[in-house]
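# Structure assessment
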Amino acid sequence: MTGPDAATATPAGGTPVPPELPAHGIGASLPPADALAKTAGTFPYAADLWAEGLLWAAVLRSPHPHARIVAIDTSGAAEMPGVHAVVTHEDVPGDACHGRKIADRPVFAKDLVRHHGEPIAAVAADHPDTARLAAAAIAVEYEVLEPVTDPERAFSAEPLHPDGNLVRHIPLRYGDPDVNGEVVVEGLYRIGRQDPAPIGAEAGLAVPRPDGGVEIYTASTDPHTDRDLAAACFGLDRDRVKVVVTGVPGAMGDREDPGMQLPLGLLALRTGRPVKLAATREESFLGHAHRHPTLLRYRHHADADGRLVKVEAQILLDAGAYADDSSESLAAAVAFAAGPYVVPHAFVEGWAVRTNNPPSGHVRGEGALQVCAAYEGQMDKLAAKLGMDPVELRLRNVLATGDLLPTGQTVTCPAPVAELLEAVRDAELPALPKDAPEEDWLLPGGPEGAGEPGAVRRGVGYALGMVHMLGAEGTDEVSTATVKVNGGEATVICAAVETGQGFTTLARQIVQEVLGIEEVHVASVDTDQPPAGPACHGRHTWVSGGAVERAAKMVRTQLLQPLAHKFGMSTELLTIADGKITSYDGVLSTTVAETLDGKELWATAQCRPHPTEPLDETGQGDAFVGMAFAAVRAVVDVDIELGSVRVVEMAVAQDVGRVLNPRQLAARIEAGITQGVGAALTENLRTSRGVVRHPDLTGYALPTSLDAPEIRIVELIEERDVVAPFGAKAASAVPVVTAPAAVAAAVRAATGRPVNRLPIRPQAAVAAAPQ
């Protein structure tokens with residue numbers, strides 16, 4: 001399959017002809033049910049919520065990255081007219097700390113502040129301005145401490161946390177450490193702090209319940225975990241806390257800030273009234289987790305023919321103040337440190353450490369993006385030293401199904417890495433600027449850029465990337481779904497959150513495919529439903545989609561069994577398509593509506609993939625359920641005098657397993673590539689001695705539509721993964737992982753500079769080698 005809508009045909013001299021696609025069901029480009037509401041601006045997000053008797057919340061955050069709290073005086077805030085409650089660490093009735101993996105993060109700082117923006121107190125008032133003024137009136141006396149902001153210093157610094165500064169250490173040992181290659185290249189790489197920067201900042205509403213519990217309405221991507229954390233902190237049983245998921249305005253991982261949700265619930269319980277908080281963009285930047293800044297040292301060994309012999313690496317992840325998901329991110333970084341290449345010997349040391357920098361956590365492609373930039377930089381260095389074509393070098397070493405990762409795990413899923421690389425290599429390159437009038441050039445720096453055509457160099461670079469799907473290292477992946485059919489309509493109940501990845505559309509397609517019912521609704525999500533787990537790593541396509549399919553098939557059996565019994569045949573001899581039920585011999589032909597005859601049918605099912613295991617003390621183990629791969633070719637124009645870069649085109653070939661919704665899949669890949677371009681060129685949440693500089697969208701440069709390159713999907717390889725429902729693979733993370741490395745490779749090709757830091761700074765692209 002090639003192109004965004006399957007194999008789009010283009011007749012001679014003509015307009016592309018859309019392929020013949022089904023109108024509904026698997027393989028259709030079914031539009032999202034909420035597309036019209038979102039386009040019209042009527043879709044309800046958390047920031048739009050309202051309740052009778054509403055109070056507004058504000059959170060006081062630390063201006064220091066590291067300080068001892070000497071005293072907190074809330075009297076000035078409590079005495080302000082319109083203020084109904086002020087809460088600090090003293091008002092947390094349950095667990096004082098929380099965390100998804102390790103409970104090390106306080107609801108409110110008590111004795112120490114460990115990062116800039118850490119919550120100190122929260123206020124509820126009858127007007128949002130009053131709440132903010134009251135929060136500012138809380139007097140906190142600090143003893144400012146020297147922050148630890150260099151992760152390398154964390155090893156020798158005084159402990160920043162009772163658990164120490166080391167979150168995790170993984171020493172991977174694979175093969176013979178004494179083996180050396182004929183050709184050796186080394187490199188030092190630095191990856192910056194990318195922010196998820198969701199289009200909508202965090203917001204939520206907490207409503208007290210008559211039973212003494214609370215309901216929290218927020219854009220959660222993992223509502224059951226959020227409920228459990230909240231109940232523990234509130235000192236309540238889980239059944240007295242309910243999380244209701246509102247519209248999610250974009251998510252690149254765990255978008256919500258627990259430092260917002262937990263104060264909201266405490267304030268609602270304290271005041272007995274609904275409390276709402278809508279974070280400012282600055283609060284959003286300070287509160288939620290970011291991509292781990294990473295320092296990577298590499299040494300690659302190869303023989304004279306360019307075949308890899310050994311990879312040695314040291315990987316240091318800056319976890320920020322608290323552990324969050326750093327352990328899982330480190331496991332991905334260490335396991336994929338050599339990339340999708342066959343390496344007979346590998347020795348990797350990986351660490352994640354606490355610092356006084358902003359918190360790091362789950363952001364799409366965590367761990368894998370950082371090492372991809374490094375190992376692909378190494379492959380370019382190796383190709384240059386050997387005098388080989390970079391593509392040819394990669395093709396000599398690519399991974400395939402049946403090969404081993406350095407963790408000792410066999411790659412059992414489809415791994416068409418060579419085919420992906422060949423597809424982007426063979427794709428036609430975009431026209432050179434010299435083929436167009438000079439006034440039509442799009443120079444680096446934008447239409448009004450200061451660049452001169454004579455200073456522009458074009459570069460072409462390649463990268464291969466890989467990610468794991470689902471949770472890792474023994475995570476119990478499970479999801480539950482219920483499918484109900486009544487009156488010719490179907491309803492899906494599943495706590496899988498729609499974050500923009502398209503799960504609700506996929507759920508509708510699955511039921512249409514299995515039951516032949518076109519009208520399918522997906523219920524809103526809350527924690528009264530069985531858990532479905534977090535919305536990351538392509539989980540909901542696999543686990544929740546699998547649960548929906550199983551439930552729909554159980555309903556299908558209920559629907560067809562009476563007919564099959566009546567006509568003396570098995571249900572396998574009956575088919576459902578376009579709302580009609582027919583037998584294999586054509587004797588039976590009726591409609592789904594007639595067969596239902598007013599009855600309600602329903603079934604509940606679970607999907608649980610095969611188990612994984614933690615990496616052992618030498619980094620060995622079957623830690624991942626499955627993997628996905630991509631190849632990206634980047635074409636860039638670089639002004640070597642100014643150091644400005646314009647990405648002309650990104651060509652991508654991806655291993656997708658099976659295309660479930662062509663248009664939706666193309667959108668996910670294009671979005672992933674664009675996010676990767678941001679990581680490559682502009683996105684870096686900068687800090688100065690731990691203090692976030694310019695926490696807004698003027699200081700944090702997201703790529704806009706003017707910055708987005710031409711994105712060409714040259715091939716989608718549909719080699720189905722037999723252990724995955726529908727055979728499909730995660731689609732959006734692997735282009736994010738691969739794109740930055742491809743852009744860096746293209747800039748290297750254009751300038752002759754090493755380009756070992758992301759985002760690429762202008763000084764890395766100036767003073768190019770002679771052309």
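This text gives an overview of the structure that appears in the document. (Residues numbered from 1 in each chain as written. Predicted model: local features only at pLDDT ≥ 70, side-chain atom pairs only at ≥ 80, totals over all residues. Heavy atoms only, no water.)

## Comments concerning helix α8 (residues 368–386)
Helical geometry note: an α-helix holds 3.6 residues per turn, so side chains three or four residues apart project in the same direction. Filter applied, for reference: The way it works is that DSSP assigns letters per residue, a run of H or I at least four long becomes a helix, a run of E at least two long becomes a strand, and they are numbered from the N terminus. To estimate the expected span of a helix, count its residues, drop one, and scale the result by 1.5 Å. Between buried and exposed lies partly exposed: a residue is buried under 20% and exposed over 50% of the maximum accessible area for its type, with that area taken using a 1.4 Å probe on protein chains only.
Between its terminal C-alpha atoms α8 stretches 26 Å, which fits the 27 Å expected from 19 residues at 1.5 Å a residue. Summarising burial for α8: 15 of the 19 residues are buried, a large majority. Among the residues trailing α8, Gly387 stands out with phi positive, at a value near 70 degrees.

## Quick notes on the nonpolar core
Put simply, the rule is: Buried Ala, Val, Leu, Ile, Met, Phe, Trp, Tyr and Cys residues that are joined via side-chain atoms within 4.5 Å together make up what is termed a nonpolar core. Two residues qualify as a contact provided that any one of their heavy atoms is within 4.5 Å of a heavy atom in the partner residue.
Tyr298, Phe629 and Val743 are the most contacted members of the largest nonpolar core, which has 168 residues in total. At 12 residues, the largest contribution of residues to this core is made by helix α15 (residues 733–751). With residues up to four places along the chain from it excluded, the contact list for Val743 reads Ala634, Val636, Val647, Met650, Val677, Ala680, Leu681 and Ile760. Counting residues in each nonpolar core, the second largest holds 28 residues, with Val59, Val214, Ala230 and Phe234 among its members.

## Digging into the sheet that holds strand β31 (residues 757–758)
Cut-off, in case you're wondering: Here the rule is simple: two strands pair whenever DSSP picks up at least two bridges between them. In this description, a line fitted to the C-alpha atoms serves as the axis of each element, helices being fitted only across the stretch in contact, and the angle between N-to-C directions of two axes falls anywhere from 0 to 180 degrees.
The mixed open sheet is built from 6 strands, whose spatial order is β9-β17-β16-β15-β10-β31. The open sheet is flanked by β9 (166–174) and β31, the only strands paired with a single partner. Here α8 sits on the sheet in contact with β10 (183–191), β15 (294–302), β16 (308–320) and β31, set at roughly 145 degrees to β10.

## As for the environment of Val243
By the secondary structure assignment, Val243 is in strand β13 (residues 241–245). The exposure class of Val243 is buried, given its relative accessible area of 1%. When the C-alpha atoms of Val243 and Pro759 are compared, they prove to be 37 Å apart, with 516 residues separating the residues in sequence. Setting aside residues no more than four positions away along its own chain, Val243 makes contact with Ile216, Thr218, Ser220, Pro223, Asp226, Arg227, Asp526 and Thr527.

## As for the packing of aromatic side chains
Note on aromatic pairs: each is described by the distance of the centres and the angle between the planes. The test is simple: Centres within 6.5 Å make a pair out of two Phe, Tyr or Trp rings, where for Trp the six-membered ring is used; the pair is then stacked when the planes are under 30 degrees apart, edge-to-face when over 60, and tilted otherwise. The criterion is that NZ of a Lys, or CZ of an Arg, lies within 6 Å of the ring centre and within 35 degrees of the ring normal, and then a charge sits over that ring.
The full count for this structure, using the stated rule, is 7 aromatic pairs. Each ring, one from Phe155 and one from Trp351, has its centre 5.7 Å from the other, and the planes form 80 degrees; the classification is edge-to-face. Of this pair, Phe155 sits in the loop between β8 (139–144) and β9 while Trp351 sits in strand β17 (residues 345–354), and the two are 196 residues apart along the sequence. Overall, the relative accessible area of 46% leaves Phe155 in the partly exposed class. When the ring centre of Phe43 is taken as origin, the NZ or CZ atom of Lys38, which lies over that ring, is 4.9 Å away.

## So, helix α7 (residues 326–335)
Most of α7 is tucked away: 9 of the 10 residues are buried. Residues Ser326, Glu328, Ser329, Leu330, Ala331, Ala332, Ala333, Val334 and Ala335 constitute the buried set of α7. Contact partners of the buried residues in α7: β9, β16, β17, α8, β18 (456–472) and β26 (624–639).

## Here's the deal with a negative patch on the surface
Which entries qualify depends on this criterion: Only residues above 30% relative accessible area that lack a salt bridge enter a patch, with like-charged residues linked at up to 9 Å and the nonpolar side chains Val, Leu, Ile, Met, Phe, Trp and Tyr linked at up to 5 Å. In short, Shrake-Rupley with a 1.4 Å probe defines the accessible areas, and a residue's cover is counted only from the protein chains shown. Any carboxyl oxygen of Asp or Glu that lies within 4 Å of a side-chain nitrogen of Lys or Arg is treated as forming a salt bridge with it. For this count, His and the chain ends are skipped, Lys and Arg are scored as positive, and Asp and Glu as negative. Charge positions come from single atoms, namely NZ of Lys, CZ of Arg, CG of Asp or CD of Glu.
Together, Glu489, Glu518, Glu519 and Asp578 line one region of the surface with negative charge. Inspection of the secondary structure assignment puts Glu519 in the loop between α11 (503–515) and β21 (520–522).

## Examining the pattern of salt bridges
Considering all chains together, one arrives at 35 salt bridges under this definition. Taking the shortest distance from any N to any O, the salt bridge between Glu143 and Arg68 comes out at 3.4 Å. Placement of Glu143 in strand β8 and of Arg68 in strand β2 (residues 67–73) is noted, with a sequence separation of 75 residues between them. Here Lys242 and Asp526 are joined by a salt bridge, their closest N and O atoms 4.0 Å apart. Of this pair, Lys242 sits in strand β13 while Asp526 is found in the loop between β21 and α12 (539–567), placing the two residues 284 residues apart along the sequence. Note on Lys242: relative accessible area 15%, which makes it buried. Linked through salt bridges whose partners overlap, the residues forming this network are Glu376, Asp380, Arg394 and Arg748.

## Points about the environment of Pro531
Relative to the helices and strands, Pro531 is located in the loop between β21 and α12. Exposure remark for Pro531: the relative accessible area of 44% places this residue in the partly exposed category. Separated by 51 residues in the primary sequence, Pro531 and Thr480 place their C-alpha atoms 6.6 Å from one another. In this structure, Pro531 is in contact with His224, Val478, Ser479, Thr480 and Ala495, ignoring residues within four places of it in sequence.

## Notes on the sheet that holds strand β3 (residues 83–87)
Sheet architecture is open: 7 strands sit in the order β3-β7-β1-β14-β11-β12-β13, paired in mixed fashion. Unpaired on one side and paired on the other, β3 and β13 mark the two borders of the sheet. Taken pair by pair, the neighbouring strands of this sheet meet at an average axis angle of 20 degrees, ignoring direction. Two elements, strand β11 (residues 203–208) and strand β12 (residues 214–218), share 5 bridges in a ladder whose sense is antiparallel.

## Some remarks on the packing of α8 against α15
Note the following rule: Should an angle fall under 35 degrees it is taken as roughly parallel, and over 145 as roughly antiparallel, whereas 65 to 115 is taken as roughly perpendicular and any remaining angle as oblique. Take the far helix as your reference; a near helix turned counterclockwise from it by less than a right angle gives a left-handed crossing, and one turned clockwise gives a right-handed crossing. Polarity classes work like this: nonpolar for Ala, Val, Leu, Ile, Met, Phe, Trp, Tyr, Cys and Pro, charged for Asp, Glu, Lys and Arg, and polar for all others, with Gly in that last group.
The geometry of α8 relative to α15 is characterised by a closest axis approach of 8 Å and an angle of 30 degrees between their N-to-C directions. One element, α8, and the other, α15, form an angle in the roughly parallel class. Two packed elements cross with a definite hand, and for α8 against α15 that hand is right-handed. Across from Ala368, Leu369, Cys372, Ala373, Glu376, Gly377 and Asp380 in α8, the residues of α15 making contact are Val736, Val737, Thr738, Pro740, Ala741, Ala745 and Arg748. Residue composition of the contact of α8 with α15, by class: 9 nonpolar, 2 polar and 3 charged.

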